[in-house]
Amino acid sequence: MRVMAQMGMVMNLDKCIGCHTCSVTCKQAWTNRAGMEYVWFNNVETRPGQGYPRRYEDQDRWYGGWTLNRRGKLALKAGGRVKKLFGIFASPVQPELKDYYEPWTYDYKTLVDAPLGDDFPVARPKSLITGEDTKITWSANWDDDLGGSTEHGHLDPIVEKIRRESEDKIKFAYEQTFMFYLPRICEHCLNPSCMASCPSGAIYKRVEDGIVLVDQDRCRGWRQCVTGCPYKKIYFNHKTGKAEKCTFCYPRVEVGLPTVCSETCVGRLRYLGLFLYDADAVTAAASVTDPQDLYDAQMDVLLDPHDPRVQAEARAQGIPDDWLDAARRSPVYALAKVYKVALPLHPEYRTMPMVWYVPPLSPVVDLLRDQGHDGEDAGNLFGAIDALRIPVEYLAELFTAGDTGRVTAVLRKLAAMRSFMRGISMGEDPDESIPESVGMDGQGMYDMYRLMAIAKYSERYVIPTAHLEQAHDLEEPGLLFGFRRRTGHAGLGTVRRGERQTRPGGRGHVPRPAGPAELGHHCRGDKPAREGEPAELGRPRRPAGTFPGQGPGAGHPGRCRGPAVNRPAMNRRDQVVYLAAAWCLSYPDGQLVGRVPLVRAALSEFPGALAGFAPVLDLLEGTPPMELQAQYVREFDLGRRHALHLSYWTDGDTRRRGEVLGLFKEAYRHSGVLVDLDGELPDYLPMVLEFAARVDGEAGQELLQRYRASLEMLRLGLLRDNLPHARILAAVCATLPGKSPQDEQEVMRMAGYGPPTESVGLDPYDPRLLPVRRS
Amino acid sequence: MLGGAADGRPAMDTDAKMAEAILAFSGTTNGILSVQGFKDLEVRTGMKLADLAEGSEEKFITFAQTQAGPVPVITSPEWSGSETGGRRYAPFTINLERLKPFHTLTGRMHFFLDHDWMTDIGEGLPIYRPPLDMHRLFGEPRLGSDGAMEVTVRYLTPHSKWSIHSEYQDNLLMLSLSRGGPTVWMSPADADAIKVHDNDWVECTNVNGVLVARAIVSHRMPAGVVYVHHAQERTIDVPKSEATGRRGGIHNSVTRLLVKPSHLAGGYARLAYAFNYLGPTGNQRDMVATVRRRSQEVQY
Ligand code: SF4
Ligand code: SF4
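Residues numbered from 1 in each chain as written. Chains lettered and ligands numbered in written order. Predicted model: local features only at pLDDT ≥ 70, side-chain atom pairs only at ≥ 80, totals over all residues. Heavy atoms only, no water.

Enquirer: What am I meant to see in the site of ligand 1 here?
Expert: Every residue lining ligand 1 is accounted for by Cys186, Glu187, His188, Cys189, Pro192, Ser193, Cys194, Val212, Cys229, Tyr231 and Lys245 of chain A. Tallied by class, residues from the shell around ligand 1 come to 7 nonpolar, 2 polar and 2 charged. (Near = heavy atom within 4 Å. Nonpolar A, V, L, I, M, F, W, Y, C, P; charged D, E, K, R; others polar.)

The structure is reproduced here in structure tokens:
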């Protein structure tokens, strides 16, 4: 037995309202870039429907996933190494743009530019591929809500199969309408066929949590993975020529935050947590002969985190205790293996997918209700599950390789829970016979109900943070904005918004007092330090021997992890200036104001350093907090005159911005830290400053210098509006090489740029964006 | 200060001060008023209510606070819900839990209107009324297909799952996740009758106006009805119509307000409590329109 940990997700389909919030937030976070226009790491498809890309489930056409060869051994459906070797230069079988969709934009500019005319102006569609006018004929979600079923409905591979094989034919008739939404991300499979398909070895499954990633440096753009993945959840970036895929939001998960799609899910239907599994058993389990046995095989691979033997083995494999604890509390383990209501999507592909689904009971309930029956009565529901063959067969094709028995068992459990709980909420005595009829007891059913219906955030997402006790470097809290993270709330961005929300009313929020004394402690030795000693700035104090995530009430650890940071390249004075500037330009909450004396003391150790900061420090100390915060929001958040985001000045809100922001993140990563931005953009000046002060002076200074023009523009803007912060900007600029320009024109000349204009998607005809053709 | 009527009163000469004044006058933002309002209500209703706002006397939400971030409001008699103790707002909580009379003449949840006119037209109680015969009333074409390439259907404008009235329907991401422009949902039967395929351009017309949109043909729609989702963006992909030569309209181009006699019942206490549909409902959605396949070469 070789115990490994795997992050997994469960989605409860009954709760999905098909709002696509998850798709949009995911796209905004990850794929809103040139070359990725057509890519949706998260998509939500209406079923019955073809999905995205069209008919991706048709493996006779796409050759995705695994199959058993004549000797009963697992083999890639698209062929093994030798076949690959000969085929490597030919384009592999993969969906073309017409199978995804030809991305478009609109001529939005006309809306403001059109000359006066008889009619109001409209923005017409333009292809993002050719730049020409276009007629929209397919999209990332064309058959939403069964739209176009008359023309396309029969093309759903599952509809096809059921029509072929079952005596009950699926008819697309008004009276028999059923539908549900299926949100999909990469499955982060235990046996990923994408990884096995890659000739360059660029795809890897992370040892610690099983997240499957593409190493962008090693990817050579062979696109074999696109063929290999049966879920078509790996995409080719036409601009970079490399493959990209869902990352399970690993930078968030590493610091204990849920993925973006989960966090933003309106239906709150996603669960995140750990599975422990036996890595030695995976291949055998994926190789069982009968596809309908794959579900059981997959279940057997999952280990019981309560079993002492498993725990001992896991410890021996170096899985930390807090991870084992998280595995025991894992909601995904509970839904998949304890209650057995979550099923894997298409187990017959033999990749052992790790995103699980609770199949929807609603198609059955809806049909019952539409026929005038009580859709919550256990007897009615059980009868309907048996009688309404079509939805059940359809679900079986999705989740159990066609085994209707298994789907029926899950649906009966859901039905039982529904009527059991209805009895309770109607004030009746719990009817134990209902849970018994599905092999459960009342308490178990109630617990399952709690988890599925009303579980809180912390129960839905049980995410252990990156291996703490191994990360000796965590002792060195070169924390990007980590100094804000000690209260154990969510990350910076949300804390800030959240605090603002509750602070004025004073309800439920206990502000943490943070005086200078608190700051003047070493973290490692916890020995008091001289107040104002620059090196101590920003070091959170913790009781000796505890690290974030371990102390009582500590929800999340620091924001970053990495090798011992703070390269000595920079002089101390610059460092203090940067850190002081970072604080003075941040949202002025109580904590920050409490630090003013410390900042003052630190700055006064360097001749002349305090002068530039004094007006703002005075302001911070002398203004009532509410006024201070309102002013901050007005000056820095609501308007753009004093945007604190460096690339705003150079790239504005154009599509280029995403790429540019990526460069910031890259710079952070290259310095060996994990940054959780959590709502803040990586080019946020205080963050960059803190990065320069606390993490990597050289890289930080380089970033600042690269965006020198933005700094100067910001400085001039502040100056123009008589804000004292201008002098802080001046102090920062003074640490950088070169003289500060006098006015905006000079800055523009210096930087050689004008106001930001959109360049993405407007170019005519970029050959790299053309659909890739099969030869 | 200028020697006028405003002398000696708080100045409201800037937008911020005006906002400040509004906040000061509402029980939801001024704790003193909230408590006071509940005390008055206790006298009027004889029920215990003031505890809902007690402890809020000190609270006063200023304009600066609303600028610094969203602020939860104070439970106040101006609304029927209670947020006391961190509860989520739900309507009529106070009426149900504290037995504060409903705002009707009887003080109960009340559906019966005993106005003579209402009795005469048989609408004393809420009742289903079939759609109007728009053909006889207004000379619109008869429902169904007339053999020509047109079909006359009921024209409904429900809210889509993505919107109440507006949801940035000009946003590229949302458009990429749908049909990318205005649409009309049609049943296969109606589409067949006029040889319309999914995604064909169609025009919906009646005496009120015209809408140009693309058809979504789905078995989810019953025959004889089309859906034109409420408030699709008129600035995105709306070509000129063949019917008028002008820009092809929005969902409401085809609808109009219809007044029926009961809307005019006045001087009647039960209907005099507040604005906004406390009385016979509006029926401007009771429309028929003729749908026609149009030339697929659209001009913008
Ligand atoms: S679902 Fe994800 S991990 Fe599985 S084969 Fe596809 S890309 Fe690879
Ligand atoms: S955000 Fe949640 S409810 Fe909305 S479509 Fe995505 S999974 Fe479904």
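Additional details are given in the paragraphs that follow.
Enquirer: Is there a simple way to think about the site of ligand 2 in this case?
Expert: Around ligand 2 sit 14 residues, and of these Cys16, Cys19, His20, Cys22 and Cys265 of chain A come closest. Of the residues belonging to the shell around ligand 2, the class tally is 9 nonpolar, 4 polar and 1 charged.

Enquirer: Looking at this structure, how should I read the pattern of salt bridges?
Expert: All names here are of chain A. Across all of its chains, the model carries 51 salt bridges over all chains by this definition. Across the salt bridge formed by arginine 389 and glutamate 393, the nearest N and O atoms sit 2.7 Å from each other. Placement of both arginine 389 and glutamate 393 in helix H19 (residues 389-399) is noted, with a separation of 4 residues, approximately one turn of the helix. For arginine 389, a relative accessible area of 33% puts it in the partly exposed group. (Salt bridge = Lys/Arg side-chain N within 4 Å of Asp/Glu carboxyl O. Helix = DSSP H or I, 4+ residues; strand = E, 2+ residues; numbered from the N terminus. Buried < 20%, exposed > 50% of the residue type's maximum accessible area, 1.4 Å probe, protein only.)

Enquirer: For this particular structure, what's the right way to read the interface of chain A and chain B?
Expert: How big an interface is tends to be stated in terms of the accessible area lost upon association of its parts. The partner chain B presents 50 residues to the 58 residues of chain A that form the contact. Between chain A and chain B lies a buried interface of about 4,500 Å² when both sides are counted; carbon and sulfur atoms form 58% of it. Connecting chain A to chain B are 5 salt bridges. Notably, a salt bridge pairs aspartate 119 of chain A with lysine 240 of chain B, separated by 3.7 Å at the nearest N-O pair. Connecting chain A to chain B are 29 residue pairs in polar contact (both at pLDDT 80 or more). Counting residues per element, the ones that place at least two in the side of chain A that touches chain B are helix H1 (21-31), strand E5 (104-106), helix H6 (149-152), helix H24 (492-502) and helix H30 (625-638) of chain A. It is H30 of chain A that contributes the most residues to the side of chain A that touches chain B, 5 residues altogether. For the side of chain A that touches chain B, the class distribution of residues is 28 nonpolar, 18 polar and 12 charged. (Contact = heavy atoms within 4.5 Å. Buried area = accessible area lost by both parts, 1.4 Å probe. Polar contact = N/O pair within 3.5 Å; in protein donor to acceptor, adjacent residues only side chain to side chain.)

Enquirer: Hey, could you run me through the pairing of strand E5 (residues 210-217) of chain B in this one?
Expert: The side chains of a regular strand alternate, first on one face of the sheet and then on the other. All names here are of chain B. Summarising burial for E5: 8 of the 8 residues are buried, a large majority. Relative to E5, strand E3 (residues 183-186) runs parallel, the two being bridged by 4 bridges. For methionine 186, the partnering residue across the bridge sits in E5 and is valine 217. Bridging between strand E4 (residues 201-205) and E5 involves 5 bridges; their strand directions are antiparallel. Note on E5: the bridge partner recorded for threonine 205 is valine 210. In this antiparallel pair of consecutive strands, E4 and E5, the connection spans 4 residues. (Pairing = 2+ DSSP bridges.)

Enquirer: Honestly, the pairing of strand E15 (residues 355-358) of chain A in this entry has me stumped. Any pointers?
Expert: Residues and elements named next belong to chain A. Burial along E15 is two-sided: the face carrying Val355 and Tyr357 and the face carrying Trp356 and Val358 are both buried. Pairing of strand E14 (residues 343-344) with E15 involves 2 bridges; the strand directions are antiparallel. Residue pairing in the sheet places leucine 343 in a bridge with tyrosine 357 of E15.

Enquirer: Could you clarify how one ought to interpret the sheet that holds strand E13 (residues 302-303) of chain A in this entry?
Expert: Consider a sheet: its strands pair through backbone hydrogen bonds, and that pairing is either parallel or antiparallel. Residues and elements named next belong to chain A. Strands sit in the order E13-E12-E1-E15-E14 across an open sheet of 5 strands; the sheet is mixed. Each end of this open sheet is capped by a strand with a single partner; those strands are E13 and E14. Of the pairings in the sheet, the one linking strand E1 (residues 3-12) to E15 comprises 4 bridges and is parallel in character. When the sheet's bridge partners are listed, asparagine 12 is paired in E15 with valine 358. The sheet contacts of helix H16 (residues 331-338) involve E1, strand E12 (270-278), E13 and E15, and relative to E12 the element is tilted by about 70 degrees. (Axes fitted to C-alpha atoms, helices over the stretch in contact; angles between N-to-C directions.)

Enquirer: Would you mind showing me how to read a nonpolar patch on the surface here?
Expert: Residues and elements named next belong to chain B. Residues Phe92, Leu96, Met109, Phe111, Phe112 and Leu125 make up a contiguous nonpolar surface patch of roughly 670 Å² in combined accessible area. Tracing the chain through its elements places phenylalanine 112 in the loop between helix H4 (93-97) and helix H5 (116-120). Classification of phenylalanine 112 as partly exposed rests on a relative accessible area of 44%. (Patch = residues over 30% accessible without salt bridge, like charges linked within 9 Å, V, L, I, M, F, W, Y side chains within 5 Å. Areas by Shrake-Rupley, 256 points an atom, 1.4 Å probe, with all protein chains shown as cover.)

Enquirer: Explanation requested: the packing of helix H26 (residues 572-584) of chain A against helix H33 (residues 685-695) of chain A in the structure shown.
Expert: When two helices pack together, their arrangement is captured by the angle between the axes and the distance separating the axes. All names here are of chain A. Contact pair H26 / H33: the axes reach a minimum separation of 8 Å and the direction vectors enclose 155 degrees. On the basis of the axis angle, H26 is roughly antiparallel to H33. At the point where H26 passes H33, the crossing takes the left-handed sense. Contacts between H26 and H33 involve Gln575, Tyr578, Leu579, Ala581, Ala582 and Trp583 from the first element and Pro686, Leu689, Glu690, Ala692, Ala693 and Arg694 from the second. (Parallel < 35°, antiparallel > 145°, perpendicular 65-115°, else oblique. Left-handed = near helix turned anticlockwise from the far one by under 90°.)

Enquirer: Help me understand H26 of chain A, please; the structure alone is not making it clear to me.
Expert: It helps to recall that an α-helix has 3.6 residues per turn; residues three or four apart then point in one direction. Residues and elements named next belong to chain A. With 13 residues, H26 extends 18 Å between its outermost C-alpha atoms, agreeing within 8% with the 18 Å of an ideal straight helix rising 1.5 Å per residue. Within H26, 11 of the 13 residues are buried, leaving the element largely enclosed by the surrounding structure. Among the residues of H26, Asp574, Gln575, Val576, Val577, Tyr578, Leu579, Ala580, Ala581, Ala582, Trp583 and Cys584 are the ones counted as buried. Where the residues of H26 are buried, they touch helix H27 (590-594), helix H28 (596-604), helix H29 (609-622), H33, helix H34 (697-706) and helix H36 (725-734). (Expected span 1.5 Å × (residues − 1).)

Enquirer: How should helix H7 (residues 157-165) of chain A be read in this particular structure?
Expert: Every buried residue of H7 of chain A is accounted for by Pro157, Ile158, Val159 and Ile162 of chain A. Capping the start of H7 of chain A, aspartate 156 of chain A holds a side-chain oxygen 2.8 Å from the backbone nitrogen of isoleucine 158 of chain A, two or three residues further along.

Enquirer: Sorry, what's going on with the packing of aromatic side chains here?
Expert: Centre distance and the angle of the planes are the two values used to describe a pair of aromatic rings. This structure, assessed with the given rule, holds 23 aromatic pairs over all chains. When the centroid spacing of 6.0 Å and the interplanar angle of 40 degrees are considered together, the rings of phenylalanine 41 of chain A and tyrosine 235 of chain A count as tilted. One end of the pair, phenylalanine 41 of chain A, is in the loop between H1 and strand E2 (43-47); the other, tyrosine 235 of chain A, is in strand E10 (residues 234-237), and 194 residues separate them in sequence. The same class applies to phenylalanine 41 of chain A and to tyrosine 235 of chain A, which are both buried. Ring centres 5.9 Å apart and planes at 80 degrees place the aromatic pair tyrosine 101 of chain A and tryptophan 104 of chain A in the edge-to-face group. Comparing tyrosine 101 of chain A with tryptophan 104 of chain A shows no difference in burial state: the two are buried. Pairwise contacts between aromatic rings join Tyr38, Phe41, Tyr52, Tyr100 and Tyr235 of chain A into one cluster. Seen from the ring of tryptophan 185 of chain B, arginine 220 of chain B lies directly overhead, with NZ or CZ sitting 5.4 Å from the centre. Seen from the ring of phenylalanine 120 of chain A, arginine 234 of chain B lies directly overhead, with NZ or CZ sitting 4.4 Å from the centre. (Phe/Tyr/Trp six-rings, centres within 6.5 Å; stacked < 30°, edge-to-face > 60°. Lys NZ or Arg CZ within 6 Å of the ring centre and 35° of its normal.)

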